[in-house]
Amino acid sequence: MTSIPTTFNAADFEDRLYALWSKSGAFQPKDHDDKEAFTLMMPPPNATGTLHLGHATMLAIEDIIVRYKRMQGHPTLYLPGTDHAAIATQSVVEKKLQEKGVKNPLEELGREAFLKEIRDFVEVSKSTIKKQTKKMGTSCDWSRECYTFSDELNHAVNTIFQMMYEDGLIYRGGRIVNWDPKMKTTVSDDELEYVEEKAKFYYFKYGPVVIGTARPETKFADKIIVVHPDDKRYQNIIGKEFEVEWIEGKINARVIADECIDPEMGTGAMTITPAHSFVDFELAQRHKLEAPQIIDFDGRIKPEFSKACGGMQIKDAREAVVKMLDEKGLLVKVDENYVHNIALNYRGKAVVEPQVMDQWFVDVNKPVINWKDKKSSIKDVLQDVVLSGMIRLVPERFNKVYFHWIDNLRDWCISRQIVWGHRIPVWYKDGEIKVQPKSPGKDWVQDEDTLDTWFSSGLWTFSTLGWPNKTRDLERFAPSTVLETGYDILFFWVARMIIQSTYAMRKSGYSEEKSIPFKDVYLHGLIRDIHGKKMSKSRPETCIDPLDMIKKYGTDAVRLSLVIGSTPGNDMRLYEEKIAGFRNFVNKIWNGARFVLMNLEGKEREIKVEELTRSDKWILTRLNEVIESVTNKLDNYAFSEAGLIIYDFFWGEFCDWYVEMSKVTKNESVLSYVLKTSLKLMHPFMPFVTEAIWVSLNEDKMLIISEWPKVNPKWNFPSASDEMDRVMQVVREIRKLRSESKVPAAKKIHCIIYAHEDKDLINDKAEIIKRLANLCALDISKTGERVNKALSAFVGDVEIYLPLAELLDMEAEKARIEKEIDSLQTYLTSLEKKLSNEAFIKNAPASVVEKERVKLKDAEQKLLKLRVQIDELCK
RNA sequence: GGGCGCAUAGCUCAGUUGGUUAGAGCGUCUGGUUUACACCCAGAAGGUCAUAGGUUCGACUCCUAUUGCGCCCACCA
């Protein structure tokens, strides 16, 4: 025993234990479905690099849930994987190639060679991520590992694309997109960065109205004036046509009305440029107007619209147009202090120009999904699954954000002009279109574009189980029990998964309940540095690398530091000292266990009630309470609280009190039982240290698959808890008096300690007193007779009496208790009144009534206690 | 502009349906090598629970308003 080191060196155990678990098959779901299956799909990390704190948090939380469910005996599937992360990966590789001198990889290498470069890079990244995932202790089923760009998932992507196309959900159409004229690619909304800019705002005379604009260079072909339908100033011109003097001669303009116009803004009238503004484009669609392209894809004015400005860059054209209009006397005024946001591509920071382009879209409004006996649209289904409670968001407040997002949802643009990704399974020949994965024959040319990465990762929950095949896994493990992810991708990913899963699974004939991707969605917060700032690669000093921390403090400490102090949906700050603190706890567990192990020496037997001392009864009762509340917290995704409960129990109660007392009298069976049960409770949080200790306990089953503890009703001794509370109170009072130095020695505190009658249990009374003195930080020199008015308590089987008068200001105490009794009395009457109200009993749910009864009982007991206390005081 | 969140000890944070004297870790200070642990033990200082009202016998907790910080969405023609 003495050979066990006094500190837990995590590195000595982690890899070995992980291999042991993995080899035992514990990570795979057991084969028999005696209980409901538990499924959690790991959100696949991008195959672009290394594990960061976001991943680490995700893995820590997920592994806690999974280990807990596994110990409860559910067949548990935790499926890992990686994401090909279209744009992100491609740009990483592009950057690497550029460093090597390849400026434009696609043109210089060709599509195939470029793809190969990316594939090679991804292979390396994937294995890096996998290794790092294992370091976190993640107990996922590697035999089912998936990749969003594997052949199988590509098949699933093509299948759903084809299905949606045939259902008319996917269509090709001219739509306005964000175009980066510098990088020559579309940019998705979430890759935009808005920068505030002070610009000039011009007012021009335009026929019968004055229009305001910050972008005169787009106005060459504007022929439509829009005003608000209720705007009194313009009532008489709505619907009329005018000949208007404009930039380069006269044009015909028409006035239309639309509610989207803000009468307060500018002059309340504007002209529209549908091809280069999102709002204008939508407006044009509504009114079935044309959308001519004024600015080409290089960011120049197209010559056919302007003789003078054709070929000019936007910036130059703007000045030129203003000058021309000014010379014609059409410039009314210029507002120099106009502030607005301009959109930049966050990669490259080029100003994004809205352009109309042919893209592939998913229609979110077309009612073609069979959902609860009617044809529903994607929007309808998205709304229904959360509204009906089939899918629950944790924390609940995200419901509101989610619904708001659906209300504003536009058709989903799924095509991207990049190389790395699922190629759109569409083929063209002489104006003909075919949608299928493989080439229909010679002369057919495949669409150059690839699919939005979320289109494919939206299939994650069911394609990984074998869809479109009807597999046993799909039967057993769909839908996922929980999805755990960061709230920042609620829309990008969570919503897409709901779209894809409900559509595809219904299409394959599964029920609505089976078709949802998951039941609960747990959204964790972002990890920030100690100042609350985002950790960013550009400021390495703010970054904490989880792998460095694992090296330094061990995985268990890192996991705890990511989970404790974190609540769903809220960001959390992390700093090294916090991790160090939990390393200390891990070490405390190790040493607590060492002590128990040293004292066992084969002496443990069945626990017999008649042999239990008061402190045994107390710790067993407390343990029951801890089992109950930890289980309860875990069931409600309150990981932080669950962790804290077990932390406080193990350190503050088991080690600080029970273990100390067992140096006086010990019950090996109880020591061992409490230790083992605690290890089980702590295992989901700290798998390594707990399993490492478990191994030296010579159990036949590994801890990872041992049974989750249950409350043992035999070992509930409510009075023991009260007595122990009193011990602690007494001891603390002694310590307090002592530390205040008001009472320098035992002389003034008539502290009387004596052993109980059955001295057989305690042989060496002097030793006990020494121990107790130690516990109380008190020199005890005197033992003696009982005192009447005293607080009494037991430590082990030793009773301590403390004269009350020394401890308390009697009068103040009495007043306090009396006040409380008074308040309780009122409370009781109000409760009784409520419970005797027939309408309440009838109408309120049974559970609420029951709770009220419990409250009443609690209050009655409290009152009783207070009365006893006050009686004692009055004696 | 619309929405959401946060505000509790010097710092980082808990505090689930309102109920004894508001907690923890870190940091600071004091004292301690005791059949595991100095990555330890014991103790202390430190709080008007952002502010102002309201509901209640009772509010950190519920309601209203205000202030400060953070985030998301929309986007200003």
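Residues numbered from 1 in each chain as written. Chains lettered and ligands numbered in written order. Predicted model: local features only at pLDDT ≥ 70, side-chain atom pairs only at ≥ 80, totals over all residues. Heavy atoms only, no water.

S.K.: So what exactly am I meant to see when it comes to the overall build of chain A here?
M.R.: Broken down by element type, chain A carries 28 helices and 30 strands. For chain A, buried positions account for 54% of its 875 residues. Excluding contacts between residues fewer than 6 apart, the proportion of contacts in chain A whose partners are at least 24 apart in sequence is 76%. A total of about 41,500 Å² of accessible surface is found on chain A, and carbon and sulfur atoms cover 50% of it. (Helix = DSSP H or I, 4+ residues; strand = E, 2+ residues; numbered from the N terminus. Buried < 20%, exposed > 50% of the residue type's maximum accessible area, 1.4 Å probe, protein only. Contact = heavy atoms within 4.5 Å. Areas by Shrake-Rupley, 256 points an atom, 1.4 Å probe, with all protein chains shown as cover.)

S.K.: I would appreciate a short explanation of unusual backbone geometry in the present structure.
M.R.: Glycine aside, a negative phi is what most residues show, and trans is what most peptide bonds show. In this structure, P395 follows V394 across a cis peptide bond, with omega equal to 0°. Along the chain, P395 turns up in the loop between β17 (392-394) and α10 (398-407). With an omega of 10°, the peptide bond between W467 and P468 qualifies as cis. Turning to its location among the elements, P468 is positioned in the loop between α12 (460-463) and α13 (472-477). Despite not being glycine, K288 shows a phi value in the positive range, around 55°. Of note, K288 is situated in the loop between α7 (278-286) and α8 (314-327).

S.K.: I keep staring at the sheet that holds strand β11 (residues 249-257) and nothing clicks. Help me out?
M.R.: Note on sheets: strands pair through backbone hydrogen bonds, and any given pair is parallel or antiparallel. Read from one edge of the open sheet, four strands run β10-β11-β9-β12, paired in mixed fashion. Two strands in the sheet have a free side with no partner beyond their single neighbour: β10 (241-246) and β12 (269-271). The average undirected angle you get between the axes of adjacent strands in this sheet is 35°. Bridge count for strand β9 (residues 224-227) against β11 is four bridges, and the pairing is parallel. Bridge assignment links I224 to a residue of β11, and that residue is R254. (Pairing = 2+ DSSP bridges. Axes fitted to C-alpha atoms, helices over the stretch in contact; angles between N-to-C directions.)

S.K.: I keep staring at the protein's contact with RNA strand B and nothing clicks. Help me out?
M.R.: Around RNA strand B, a shell composed of 54 residues is seen, among which M265, M270, Y338, K633 and Y827 lie nearest. Restricting the count to atoms of RNA strand B within 4 Å of the protein gives a sugar and phosphate share of 52%. Between a base oxygen of RNA strand B and a side-chain N or O atom of K588, the distance comes to 2.8 Å. The separation between a base nitrogen of RNA strand B and a polar main-chain atom of G592 is 3.4 Å. Residue composition of the surface near RNA strand B, grouped by class: 17 nonpolar, 19 polar and 18 charged. (Near = heavy atom within 4 Å. Polar contact = N/O pair within 3.5 Å; in protein donor to acceptor, adjacent residues only side chain to side chain. Nonpolar A, V, L, I, M, F, W, Y, C, P; charged D, E, K, R; others polar.)

S.K.: What am I meant to see in the sheet that holds strand β20 (residues 426-429) here?
M.R.: Strand order in the open sheet formed by three strands is β21-β20-β22, and the pairing between neighbours is antiparallel. Of all the strands in the sheet, just β21 (432-435) and β22 (445-446) have a single pairing partner and so form its edges. With two bridges joining them, β20 and β22 adopt antiparallel strand pairing. Bridge pairing in β22 places W427 opposite Q446.

S.K.: Quick question: what am I supposed to make of the pattern of salt bridges here?
M.R.: Opposite charge on two side chains permits them to pair, given that their charged atoms come into close proximity. Taken as a whole and judged by the stated rule, the model has 37 salt bridges. When the shortest N-O distance is used, the salt bridge between D63 and R67 registers 2.6 Å. Placement of the pair is D63 and R67 together in helix α2 (residues 53-71), with a separation of four residues, close to one helical turn. Summarising the burial analysis for this pair, D63 and R67 share the class buried. In this structure, D63 engages R559 in a salt bridge whose closest nitrogen and oxygen atoms are separated by 2.8 Å. Residue D63 is located in helix α2, and its partner R559 is located in helix α17 (residues 555-563); the two are separated by 496 residues in the primary sequence. When its relative accessible area of 0% is taken as the criterion, D63 is described as buried. Several salt bridges share partner residues, and in doing so they unite D31, D33, R472 and R476 into one network. (Salt bridge = Lys/Arg side-chain N within 4 Å of Asp/Glu carboxyl O.)

S.K.: How should the pairing of strand β24 (residues 480-486) be read in this particular structure?
M.R.: Strand residues, when the strand is regular, have side chains that alternate between the two faces of the sheet. With seven of its seven residues buried, β24 lies for the most part within the structure. Relative to strand β25 (residues 518-524), β24 is paired through six bridges, and the arrangement is parallel. If you follow S480 over to β25, its bridge partner there is F518.

S.K.: Can you help me understand helix α20 (residues 639-661) in this one?
M.R.: Since the α-helix advances by 3.6 residues per turn, residues separated by three or four positions end up pointing in the same direction. The end-to-end C-alpha distance of α20 is 31 Å, a good match for the 33 Å that 23 residues give at a rise of 1.5 Å each. Taking the largest bend as the criterion, α20 deviates by roughly 45°, centred on F654. (Expected span 1.5 Å × (residues − 1). Bend = angle between axes of the 7 residues up to and from the residue.)

S.K.: Whenever I open this one, α7 confuses me. Can you help?
M.R.: Buried within α7 we find D280, F281, L283 and A284. The buried side chains of α7 occupy one side of the element, clustering within an arc of 165° when seen end-on. The inward-facing, buried residues of α7 abut β5 (170-180), β9, β11, β12 and β14 (353-362). Within two residues after α7, K288 carries a phi angle of roughly 55°, on the positive side. (Arc of directions from axis to C-beta.)

S.K.: When you look at the pairing of strand β2 (residues 76-79) in this model, what are you seeing that I'm missing?
M.R.: Burial along β2 is two-sided: T76 and Y78 facing one way and L77 and L79 facing the other are all buried. The pairing of strand β1 (residues 38-41) with β2 spans four bridges and is classified as parallel. Within β2, the position partnered with M41 by the bridge is L79. Regarding topology, α2 serves as the crossover connection from β1 to the parallel β2, and that connection is right-handed. (Right-handed = clockwise from strand over helix to strand, strands pointing away.)

S.K.: Help me out: how do you make sense of the environment of S143 in this one?
M.R.: Following the sequence through the fold, S143 ends up in the loop between α5 (111-135) and β4 (146-147). Overall, the relative accessible area of 54% leaves S143 in the exposed class. The spacing of S143 and V419 is 276 residues in sequence and 30 Å in space, taken between C-alpha atoms.

S.K.: I'm lost on the confidence of the model for chain A in this one. Help?
M.R.: Any residue range with low pLDDT should be treated as having predicted coordinates unsuitable for detailed reading. The share of residues in chain A with pLDDT of 70 or more is 85%, and the mean pLDDT across the chain is 82. Low pLDDT, under 50, characterises residues 739-770; the predicted model gives this stretch 57 contacts beyond four residues in sequence or across chains. Across residues 776-791, where pLDDT falls below 50, the model places 43 contacts with residues more than four positions away in sequence or in other chains. Scored as a complex, the prediction yields pTM 0.85 and ipTM 0.93. (pLDDT = per-residue confidence, 0-100.)

S.K.: Teacher, can you tell me more about the packing of aromatic side chains here?
M.R.: The way to describe two aromatic rings as a pair is by their centre distance and the angle between their planes. For the coordinates displayed, the defined rule picks out 33 aromatic pairs. An aromatic cluster is present here, built from F161, Y165, W360, W412 and F455 joined pairwise through their rings. In this structure, R67 is placed above the aromatic ring of W21, and the distance from its NZ or CZ to the ring centre is 4.3 Å. When the ring centre of W142 is taken as origin, the NZ or CZ atom of K134, which lies over that ring, is 5.3 Å away. (Phe/Tyr/Trp six-rings, centres within 6.5 Å; stacked < 30°, edge-to-face > 60°. Lys NZ or Arg CZ within 6 Å of the ring centre and 35° of its normal.)

S.K.: I'm lost on the side chain of D447 in this one. Help?
M.R.: Relative to the elements of secondary structure, D447 occurs in the loop between β22 and β23 (450-451). In this structure, D447 is in contact with R172, W360, R423, I424, V426 and Y428, ignoring residues within four places of it in sequence.

S.K.: Quick question: what am I supposed to make of the packing of helix α9 (residues 378-387) against helix α14 (residues 490-507) here?
M.R.: Pairs of packed helices are described in terms of their axes, by the angle between the two and the distance that separates them. Orientation of α9 relative to α14, taken along the N-to-C sense of each, is 110°, at an axis distance of 10 Å. Taken together, the axes of α9 and α14 lie roughly perpendicular to each other. Here α9 runs over α14; the crossing is right-handed. Of the residues in α14, those in contact with I378, V381, L382 and V385 of α9 are A495, I498, I499 and T502. Each residue belonging to the contact of α9 with α14 can be placed in one class, and the counts come to seven nonpolar, one polar and no charged. (Parallel < 35°, antiparallel > 145°, perpendicular 65-115°, else oblique. Left-handed = near helix turned anticlockwise from the far one by under 90°.)

S.K.: Sorry, what's going on with the nonpolar core here?
M.R.: Soluble globular proteins tend to pack their nonpolar side chains together in the buried interior. By size, the foremost hydrophobic cluster in this structure holds 102 residues, and its most contacted members are I589, I619, L634, F639, F654, L679 and M686. For this core, the leading source of residues is helix α18 (residues 576-600), giving 12 residues. Not counting chain neighbours up to four residues away, the residues in contact with I589 comprise F650, L679, M682, M686, V689 and I693. One finds M41, I160, V385 and A495 within the second-largest nonpolar core, a separate group that totals 67 residues. (Core = buried A, V, L, I, M, F, W, Y, C linked by side-chain atoms within 4.5 Å.)

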